[in-house]
There are 4 protein chains.
Amino acid sequence: MRILLSNDDGYFAPGIAHLAEALSTIAEITVVAPERDRSGASNSLTLDRPLSLRRSHNGFYYVNGTPTDCVHLAVTGMLEGLPDMVISGVNDGANMGDDTIYSGTVAAATEGFLLGIPSIAVSMVSVSRGNFATAARVALDLVKHYLDNKFHVPILLNVNVPDIPYDQLAGMEVTRLGRRHKAESTIKSLTPRGETVYWVGAAGGAQDAGEGTDFFAVQRNRVSMTPLQIDLTHYDQIDFAKTWVGQ
Amino acid sequence: MRILLSNDDGYFAPGIAHLAEALSTIAEITVVAPERDRSGASNSLTLDRPLSLRRSHNGFYYVNGTPTDCVHLAVTGMLEGLPDMVISGVNDGANMGDDTIYSGTVAAATEGFLLGIPSIAVSMVSVSRGNFATAARVALDLVKHYLDNKFHVPILLNVNVPDIPYDQLAGMEVTRLGRRHKAESTIKSLTPRGETVYWVGAAGGAQDAGEGTDFFAVQRNRVSMTPLQIDLTHYDQIDFAKTWVGQ
Amino acid sequence: MRILLSNDDGYFAPGIAHLAEALSTIAEITVVAPERDRSGASNSLTLDRPLSLRRSHNGFYYVNGTPTDCVHLAVTGMLEGLPDMVISGVNDGANMGDDTIYSGTVAAATEGFLLGIPSIAVSMVSVSRGNFATAARVALDLVKHYLDNKFHVPILLNVNVPDIPYDQLAGMEVTRLGRRHKAESTIKSLTPRGETVYWVGAAGGAQDAGEGTDFFAVQRNRVSMTPLQIDLTHYDQIDFAKTWVGQ
Amino acid sequence: MRILLSNDDGYFAPGIAHLAEALSTIAEITVVAPERDRSGASNSLTLDRPLSLRRSHNGFYYVNGTPTDCVHLAVTGMLEGLPDMVISGVNDGANMGDDTIYSGTVAAATEGFLLGIPSIAVSMVSVSRGNFATAARVALDLVKHYLDNKFHVPILLNVNVPDIPYDQLAGMEVTRLGRRHKAESTIKSLTPRGETVYWVGAAGGAQDAGEGTDFFAVQRNRVSMTPLQIDLTHYDQIDFAKTWVGQ
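Here the structure is a predicted model, which is why all the values come from computation and not from measurement. (Residues numbered from 1 in each chain as written. Chains lettered and ligands numbered in written order. Predicted model: local features only at pLDDT ≥ 70, side-chain atom pairs only at ≥ 80, totals over all residues. Heavy atoms only, no water.)

With that settled, consider the layout of surface pockets. Computed from the structure, the second largest pocket encloses a volume of approximately 660 Å³. Lining the second largest pocket are 27 residues, and of these Arg179(A), His234(A), Gln229(B), Ile230(B) and Asp231(B) lie nearest its centre. When residues of the lining of the second largest pocket are assigned to their parent elements, the largest contribution, 3 residues, is made by helix α6 (residues 235-245) of chain A. (1 Å grid on protein atoms, 1.4 Å probe; cavity = no way out; pocket = protein on both sides within 12 Å on 5 of 7 lines; lining within 4 Å. Points joined across faces, edges and corners; volume = space filled by probe spheres on them. Helix = DSSP H or I, 4+ residues; strand = E, 2+ residues; numbered from the N terminus.)

Structure below.
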């Protein structure tokens, strides 16, 4: 089995090292990840310059681009044949609810999915940041389970793992994405040269964190697994919209 | 009526100038757009540095950030009160099918929608690039229609307009997003310093461009309008996934 | 006469517009400047990606690169034949003393000089920022004087102009670069996500601002003109160094 | 003895690892280097955003900025007291002649010098890239010699080391910077999206590579050591310029 790993925290991040170590026990691993932290990169794709692909001393490849660039380049320009899976992470921080749309971790997996490869994004709901190994082992469990129970629909899974020891996990729950309140306001700051600048504020608190959501699951020490799709069409509004435009 | 305009081509792009001109006849316009071309930026959000907000000689504001940053900053840090609408565009190039997920134009509108504001992304299906005025007038029509026929559900509309004169348009059609084939392979190139680099390849051709899709509509000289939503949960797979994990 | 203009504040900056307007009365002007503010860029040159060259609605060209890139690309890849002069500015802010080494404005002129073209960097010692026209007119005076009094050594001139009306200038003075005290310390700041970050501090105050320096001249409302060279060899230390290494 | 190390190839580059290893035998080493390759950065300084300072698993610090930023931040915001020396390198590639003005390696040392610290830039005249250890040992030799033979003038040394085994070096020579011919023309390329882009061309060949220059020394397998200064004033032209402006 051949697995392509990527992330958005950069090729040097501890999360991807844990992932590579865990998965190398059952698969041939190739790591292609951004050369620097690209958190918040979403699905951005670099179109105005070419990408370079370099190899670190530990064998990981790094690209001067986004998480999406990394997977795109690896699959369409570097690897021989499609990998059997794309796994992205372990992200240092949750990717749940509306945040998913901004996430570079999820974007890397999404690119794999768009290219026809079963893909999983794995994030740690960071508190102490001490349990990357838990999330890596969860990823390993999932891949093993997948090998024993293949399914024949395309999959894109968004997995969030509590930042606790593996044996304290209270199981896995299939969830839907929750919703957050609006983000906090930007925070004004003054540069030493007297210009006003603005930091993007913190994410909003959970608005829909009810039963069945990712927020709900991880609060109960469960691994949250949300199957994702990428068709943004709002099918429920189509009839309404037709009426509205008089079609 | 107050409208916030943004785009991903940059504040100096002809598409946003056409949009501002058309809409200023019925609304108070504020333009907050990226300082440079950020096509392909998707929903990326700048978290590792603060943003500056500057004003051009023509009154447009520009931000050293992404389309999402622009709308986020304008709404949560600059404008007094929420604008009545966010309109993004006119993009120089279609945003249809799977491409929607990479689009900075759609992302700017999405950020407005996430912040609770009715939002529209407007793109021109560029051929000659001569008909930005058509797309701007379509946007104006939509806003006028919205004023006369308000609805009370949140909306996020993805509008693609053929690159033809306004009077040659064959009406508007409510559509779903089509699908593309996989992107073409990356293209290798050699730098003058001997390093191999890789350009992201062209988008794939249309795979699902059947009746009802955005591709289908614009090929028939119609304006395509797709209502979007941003919940990526794959509800149809939830039961299957539960079975799979033994939940 | 053909003059290439550039700057480091970006092609849209008021300083370069004033310069273009003033000089177009006596020369054919081509503007090639950065697409965004690149103050502090020094002589940096972009080697890891190619540059794009685009034309603004006002006829100015802009490049997604540094000031040095702009002049380099214009001279070695775009213009037919060498221009007769390269003029960089009008910078919004002084470039005097040690700061010269960090200056993108001076770097653009330096690149012209390295390519064999008489080159001038023009900066305004900004206070109110109201007198770009003064600096532009000083540049025009210099070019006219140059046309009447050509010299046959390569020149690279660093010109700093007080931010006052033209008729209040107290003449021009040929100067040497002064010296500054060390820069102020970096300023710590905390991001909304809790990371400590550091702003580069303000430039140090003048240390050597005595008679004959650029600082001294502009404080007396004179235009400072410093002839520059780019050989960094410390000739006075060569003998000492030979002794030191036992050569 | 405390030494600050930096470079422009990035904190992960082999050259800086060799340098750290060699110098740690006689000094307490702190490495603060760019998070990614910033070759060609010259003295550019980041003024429009704050810098982050992070620590790699091997104890090296990395900054999301330029070589100049790294030394500036380390000295004015991070280290307690001034380090005894700043050493930059080992650069993968020569920094000789006019190129010195574009070099990030030299710029990092220059920033140390401007902050009052004896500073050395060390570059390998790369051919096979196999002899970083030679350059690192040369740096060690220089520092030891400096400890035994302190001098009390500020120094900024530009050292270029042939890419050969240490015992094949034919000594050290104190040199002046040579001169290059103009750079080669930019190289046009076409992006997959049909836009013409331009790569900065290769550096020109040596024009002044005569006896006494850095080029001359390294061609004879000698280490070249050029003392540098940073006053760009062209003193020899001052009288001429005064006459020219009628002062």
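Moving on from the model shown.
Once that is clear, we can look at helix α4 (residues 132-148) of chain D. Counting along an α-helix, one turn takes 3.6 residues, and residues three or four places apart therefore face a common direction. Along its 17 residues, α4(D) runs 25 Å from first to last C-alpha, staying within 8% of the 24 Å computed at 1.5 Å per residue. Restricting attention to buried positions, one finds in α4(D) the residues Phe132(D), Thr134(D), Ala135(D), Ala136(D), Val138(D), Ala139(D), Leu140(D), Leu142(D), Val143(D) and Tyr146(D). (Expected span 1.5 Å × (residues − 1). Buried < 20%, exposed > 50% of the residue type's maximum accessible area, 1.4 Å probe, protein only.)

Here we come to the relation of the copies chain C and chain A. Screw-axis analysis of chain C against chain A gives a translation of 0.0 Å along the axis, an RMSD of 0.0 Å, and a rotation angle of 180 degrees. Viewed as a symmetry operation, the transformation between the two copies matches a two-fold axis. The rotation axis passes nearest to the C-alpha of Arg49(C) in chain C, at a distance of 2.9 Å. Same-surface contact between copies: 100% of interface residues of chain C are shared with the interface of chain A. (Least-squares fit on C-alpha atoms with pLDDT ≥ 70 in both. Contact = heavy atoms within 4.5 Å.)

Next up on the list: the UniProt feature "domain: Survival protein SurE-like phosphatase/nucleotidase" (unreviewed entry) in chain A. The positions UniProt marks with the feature "domain: Survival protein SurE-like phosphatase/nucleotidase" (unreviewed entry) are residues 3-183 of chain A. Spanning residues 3-183 of chain A, this segment combines 28% helix with 25% strand, and its end C-alpha atoms are found 35 Å apart. (UniProt positions renumbered as here; feature names shortened; annotations may be inferred.)

Let us look at the relation of the copies chain B and chain A. For the match of chain B to chain A, the screw axis carries a shift of 0.0 Å, the RMSD comes to 0.0 Å, and the turn is 180 degrees. Of the residues that chain B buries at the interface, 100% are likewise interface residues in chain A, meaning the two copies contact each other through the same surface.

With that settled, consider the nonpolar core. Judged by nonpolar contacts, the single largest core of 82 residues is most densely connected at Leu5(A), Ile87(A), Val159(A), Leu5(D), Ile87(D) and Val159(D). Here Val159(A) is in contact with Ile120(A), Ala121(A), Val122(A), Ser123(A), Val138(A), Leu142(A), Val223(A), Ser224(A) and Met225(A), once residues within four sequence places are set aside. Judged by nonpolar contacts, the second largest core, of 61 residues, contains Leu4(C), Leu177(C), Leu53(D) and Val63(D). (Core = buried A, V, L, I, M, F, W, Y, C linked by side-chain atoms within 4.5 Å.)

We now examine the interface of chain B and chain A. With 78 residues of chain B at the contact, the number on the chain A side is 78 residues. Buried surface at the junction of chain B and chain A, summed over both partners, amounts to about 6,800 Å²; 66% is from carbon and sulfur atoms. Where chain B touches chain A, the interface holds 2 salt bridges. One salt bridge connects Arg54(B) with Glu195(A), and the closest N-O pair in it is separated by 3.0 Å. Joining chain B to chain A, the criterion identifies 31 residue pairs in polar contact (both at pLDDT 80 or more). Sorting the residues of the side of chain B that touches chain A by element identifies β3 (51-55), α2 (67-78), α3 (104-114), α4 (132-148), β8 (172-174), β11 (196-199), β13 (223-227) and α6 (235-245) of chain B as the ones contributing at least two each. Of all the elements, α6(B) adds the most residues to the side of chain B that touches chain A, at 8 residues. Within the side of chain B that touches chain A, the residues separate by chemical class into 38 nonpolar, 26 polar and 14 charged. One ladder, built from 2 bridges, connects strand β3 (residues 51-55) of chain A with β11(B); its direction is antiparallel. Paired with Leu51(A) across the bridge in β11(B) is Tyr198(B). (Buried area = accessible area lost by both parts, 1.4 Å probe. Salt bridge = Lys/Arg side-chain N within 4 Å of Asp/Glu carboxyl O. Polar contact = N/O pair within 3.5 Å; in protein donor to acceptor, adjacent residues only side chain to side chain. Nonpolar A, V, L, I, M, F, W, Y, C, P; charged D, E, K, R; others polar. Pairing = 2+ DSSP bridges.)

Tallying the contact residues gives 11 residues for chain C and 11 residues for chain A. Each partner contributes to the roughly 1,000 Å² buried at the junction of chain C and chain A, and carbon and sulfur atoms together form 63% of this total. Counting the surface chain C buries against chain A, the share from its top three residues, Pro192(C), Arg193(C) and Trp199(C), is 46%. Taken together, chain C and chain A are joined by 0 salt bridges. The interface formed by chain C and chain A contains 4 residue pairs in polar contact (both at pLDDT 80 or more). When its residues are assigned to classes, the side of chain C that touches chain A shows 7 nonpolar, 2 polar and 2 charged.

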